[in-house]
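The lines below spell out each chain.
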Amino acid sequence: MATSSEEPSVGAARGPRSVAAIAHRPFAVVLAGGGARGLGHAGVLRVLEHEGLAPAAIVGVSMGAIVGATYVLNPDWYRALLAADVGAIPGVTRETGAQRATRLRAILASGRALRHLLLRWGVLTPARPAIEALLETLTLGKRLEDARIPFAAVATDLASGRRAVLTSGPAAEAIYASSALAGILPPVARDGALLADGCYADVAPIDVARALVGGGPVIAVNPSPGVPSPPPRNGLQAVLRAMDVSVQHHALVRFGQADFELRIRLPFPVATIDFSHQRTCVAAGVRAVRAQRTKITALLAPPARSSGTV
């Protein structure tokens, strides 16, 4: 997904593990959704490894599931994520804002987007094969059971309205399901369920992560912290704003259940499918860990041994 030859720096060394692992409590990481902003997770995981703080389990939602599954299944995960070619996916390009707006207006004028929304499963239905092929490449065609540490992808069953926790089966299918935005991409039909983006049911599955790590500490990474928005000026903006408020309040409750919430703050707004700022998002993840390094190491420090006397 790279748009520049410059790699966000996390230290002098280039390997996946730059320093020897240090003693720390086993911990789990929850990687929340956020579309293109979720590429900040790659920066977070890169720095944690550089600091010798490798997670013992990962739970991913939406883009967090894509990054997390690549991390646990692909030995060259970091470079694979940054090199992934989203330009081959119809509707997801590296256009500038003006170019994208012009193209979207043309699509809407032609009625194609409306037909895909009303007669098929979503406006990016034609892009599904290309997206699935990309996810197969990132995860090397492996299954979730092949992960080097426990991993779960979380999706939403649109049939029952319940959360679906996926820990087995083809990895590409699971993370596609976890990131299939309703009205944008078709859901995955699996065992009577219709699986779509996990954020609808649970934006931050802290309980799933805590179970995977045996009750140990959980760090939840939030790539979409709430930012002030201008008041709505029409009915459509009011509906979208109301939905955003609902999601943010749900996120506030769920992230509050983690032992530590790591917030990734971007220097400017990045739209969900705007992959023209991948390097900026990764760099923001790097900065987030560095800024909270003291608190993270304190949280993960092993319990002090008692020096009791006989």
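Rules of the game
Residues numbered from 1 in each chain as written. Predicted model: local features only at pLDDT ≥ 70, side-chain atom pairs only at ≥ 80, totals over all residues. Heavy atoms only, no water. Helix = DSSP H or I, 4+ residues; strand = E, 2+ residues; numbered from the N terminus. Contact = heavy atoms within 4.5 Å. Areas by Shrake-Rupley, 256 points an atom, 1.4 Å probe, with all protein chains shown as cover. Buried < 20%, exposed > 50% of the residue type's maximum accessible area, 1.4 Å probe, protein only. Pairing = 2+ DSSP bridges. Phe/Tyr/Trp six-rings, centres within 6.5 Å; stacked < 30°, edge-to-face > 60°. pLDDT = per-residue confidence, 0-100. Core = buried A, V, L, I, M, F, W, Y, C linked by side-chain atoms within 4.5 Å. Salt bridge = Lys/Arg side-chain N within 4 Å of Asp/Glu carboxyl O.

## Description of the overall build of the protein
Secondary structure assignment for the protein yields 11 helices and eight strands. Long-range pairs, those at least 24 residues apart, make up 79% of the contacts in the protein between residues at least 6 apart in sequence. Summing over all exposed atoms, the protein offers an accessible surface of approximately 14700 Å²; the carbon and sulfur share of this is 59%.

## Description of the pairing of strand β4 (residues 163-166)
On any regular strand, side chains alternate: one points to one face of the sheet, the next to the other face. In β4, alternate side chains face the same way, and those of Ala164 and Leu166 are buried while those of Arg163 and Val165 on the opposite face are not. Of the pairings in the sheet, the one linking strand β3 (residues 151-157) to β4 comprises four bridges and is antiparallel in character. Looking at the pairing, Ala153 lines up with Leu166 of β4. What sits between the antiparallel neighbours β3 and β4 is a turn of five residues, in which Gly161 has the positive phi angle 80°.

## Details of the pairing of strand β6 (residues 193-197)
With respect to burial, β6 is a largely interior element, four of its five residues being buried. Taking the residues that link successive antiparallel strands as the turn, the strand β5 (residues 188-190)-β6 hairpin has two residues, and the phi of Asp191 there is positive, at about 55°.

## Some remarks on the packing of aromatic side chains
For the structure shown, the criterion picks out two aromatic pairs. When the ring of Tyr71 is compared with that of Trp77, the centres are 4.9 Å apart and the planes differ by 75°; the resulting orientation is edge-to-face. Here Tyr71 and Trp77 have matching classes, each one buried. With a centroid separation of 5.5 Å and 80° between ring planes, the pair formed by Trp77 and Tyr78 is classed as edge-to-face. The exposure class of Trp77 is buried, given its relative accessible area of 2%.

## As for the confidence of the model for the protein
Counting all residues, the mean pLDDT for the protein is 83, and 76% of those residues have values of 70 or more. Contacts from residues 1-7, a stretch scored under 50 in pLDDT, to residues over four places away or in other chains number 28 contacts. In this model, residues 11-18 is a region of pLDDT below 50 whose contacts with residues beyond four sequence positions or in other chains number 13 contacts.

## Observations regarding unusual backbone geometry
Within the chain, Leu140 stands out as a residue other than glycine whose phi angle is a positive 60°. The residue Leu140 is located in the loop between α6 (128-138) and β3 in this model. Looking at Leu140, the relative accessible area reads 45%, which means it is partly exposed. Even without glycine at this site, Asp191 takes up a positive phi of about 55°.

## So, the nonpolar core
In this structure, Ile58 and Leu262 are the most contacted members of the largest nonpolar core, which totals 68 residues. By residue number, the principal contributor to this core is helix α2 (residues 63-73), which donates eight residues. Excluding residues that lie within four positions of it along the chain, Leu262 makes contacts with Val44, Ile219, Ala220, Val221, Asn222, Ala288, Val289, Gln292 and Ile296. Formed by 19 residues, the second largest nonpolar core is a distinct cluster that contains Ala32, Val154, Val218 and Ala220.

## Observations concerning the pattern of salt bridges
Scanning the model with the defined rule gives 11 salt bridges in all. The closest approach of N and O atoms between Glu49 and Arg148, which form a salt bridge, is 3.8 Å. On the criterion of sequence distance, the pair formed by Glu49 in helix α1 (residues 40-50) and Arg148 in the loop between α6 and β3 is long-range, its members being 99 residues apart. Using a relative accessible area of 46% as the deciding quantity, one classes Arg148 as partly exposed. In this structure, the salt-bridge partner of Glu132 is Arg128, at a minimum N-O distance of 2.8 Å. You can see Glu132 and its partner Arg128 sitting in helix α6, four residues apart, about one turn around the helix. According to the relative accessible area criterion, Arg128 is partly exposed, its value standing at 23%. One network of salt bridges, with partners in common, ties together Arg163, Asp202, Asp207 and Arg254.

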